Amino acid sequence: MKSILFVCTGNSARSIIAESIINNEHSDTFKAYSAGSNPSGKINEDIKEYLETVKKYNLKDYSSKNFQRFIDEKTKLDHVITVCNNANNEVCPIWPNKNQIDHWDIEDPVSKLVNKTKDQKIEIITKTFNNINQHINDWINFEK
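Residues numbered from 1 in each chain as written. Predicted model: local features only at pLDDT ≥ 70, side-chain atom pairs only at ≥ 80, totals over all residues. Heavy atoms only, no water.

Caption draft 1: Quick look at the packing of aromatic side chains. Tallied over the entire structure, the rule returns five aromatic pairs. What links up through ring pairs into an aromatic cluster is the set Tyr 50, Tyr 57 and Phe 129. One residue, Lys 31, lies across the ring of Tyr 33, its end atom 5.3 Å from the ring centre. Residue placement shows Arg 69 over the ring face of Phe 70; its charged tip is 5.2 Å from the ring centre. (Phe/Tyr/Trp six-rings, centres within 6.5 Å; stacked < 30°, edge-to-face > 60°. Lys NZ or Arg CZ within 6 Å of the ring centre and 35° of its normal.)

Have a look at this one:
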């Protein structure tokens, strides 16, 4: 079983989506975690609702947290994947094993969700979810 840490700045949307996809769709091979370089302290409510109601994922043990925790606890991680440019720039200089870092430039959905209808939000989140899921599937196929 390989472990993956997904990192974005706020750890409220993209990294949470990636963590939940791995832990729900690929749990036979991988264990995923997520963290932020400047965590918001909570999962975005629209993202959380989508993952729990549309995808039927259990987010009970998910939280927004700082990636420093994984460094301090010396958590064994086989891969670190940054899912935004800000986190990539912040994580790479301090992460102990730079050979294990990959970067995916995923557009932040959170700012797009403001003042949108429920249907518009679902469309925005679905697009982000599908983009991340495609990156994961491509990455897993490459890793095999």
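Read on for the rest.
Caption draft 2: Examining the packing of helix 1 (residues 14–25) against helix 5 (residues 118–143) more closely. Between helix 1 and helix 5, the least distance of the axes is 10 Å, while the angle of their chain directions is 55°. When the interaxial angle is binned, helix 1 and helix 5 end up oblique. As helix 1 packs across helix 5, the resulting crossing turns out to be right-handed. Seen from helix 1, the contacting residues are Arg 14, Ile 17, Ala 18, Ile 21 and Ile 22; seen from helix 5, they are Thr 128, Phe 129, Ile 132, Asn 133, Ile 136 and Ile 140. (Axes fitted to C-alpha atoms, helices over the stretch in contact; angles between N-to-C directions. Helix = DSSP H or I, 4+ residues; strand = E, 2+ residues; numbered from the N terminus. Parallel < 35°, antiparallel > 145°, perpendicular 65-115°, else oblique. Left-handed = near helix turned anticlockwise from the far one by under 90°. Contact = heavy atoms within 4.5 Å.)

Caption draft 3: Structural context of the sheet that holds strand 2 (residues 30–36). The sheet built from four strands is open, its strands ordered 2-1-3-4 with parallel pairing. The open sheet is flanked by strand 2 and strand 4 (101–103), the only strands paired with a single partner. The sheet shows a mean angle of 25° between the axes of neighbouring strands, taken without regard to direction. This element, helix 1, spans strand 1 (2–8) and strand 2 of the sheet and lies at about 170° to strand 2. (Pairing = 2+ DSSP bridges.)

Caption draft 4: Quick peek at the packing of helix 2 (residues 45–54) against helix 5. Contact geometry for helix 2 and helix 5: axes closest at 10 Å, N-to-C directions at 75°. Classed by the angle they form, the pair helix 2 and helix 5 counts as roughly perpendicular. Contacts from Asp 46, Ile 47, Glu 49, Tyr 50 and Leu 51 of helix 2 reach helix 5 at Lys 118, Lys 121, Ile 122, Ile 125, Thr 126 and Phe 129. The residue inventory of the contact of helix 2 with helix 5, partitioned by class, reads six nonpolar, one polar and four charged. (Nonpolar A, V, L, I, M, F, W, Y, C, P; charged D, E, K, R; others polar.)

Caption draft 5: A look at the nonpolar core. Counting residues in hydrophobic clusters, the biggest one holds 31 residues, and the most contacted among them are Phe 6, Ile 22, Leu 51, Trp 104 and Ile 136. At the level of secondary structure, the elements contributing two or more residues to this core comprise strand 1, helix 1, strand 2, helix 2 and helix 5. With seven residues, the top contributor of residues to this core is helix 5. Those residues in contact with Leu 51, other than ones at most four positions away along the chain, are Ile 16, Ile 17, Ser 20, Lys 56, Tyr 57, Leu 59 and Phe 129. (Core = buried A, V, L, I, M, F, W, Y, C linked by side-chain atoms within 4.5 Å. Buried < 20%, exposed > 50% of the residue type's maximum accessible area, 1.4 Å probe, protein only.)

Caption draft 6: Expanded view of the side chain of Arg 14. Turning to its location among the elements, Arg 14 is positioned in helix 1. Within polar-contact distance, the side chain of Arg 14 engages the backbone oxygen of Ile 106 at 2.6 Å. The contacts of Arg 14, once residues within four sequence positions are left out, are Cys 8, Val 83, Cys 84, Ile 106, Glu 107, Asp 108, Pro 109, Thr 128 and Ile 132. (Polar contact = N/O pair within 3.5 Å; in protein donor to acceptor, adjacent residues only side chain to side chain.)

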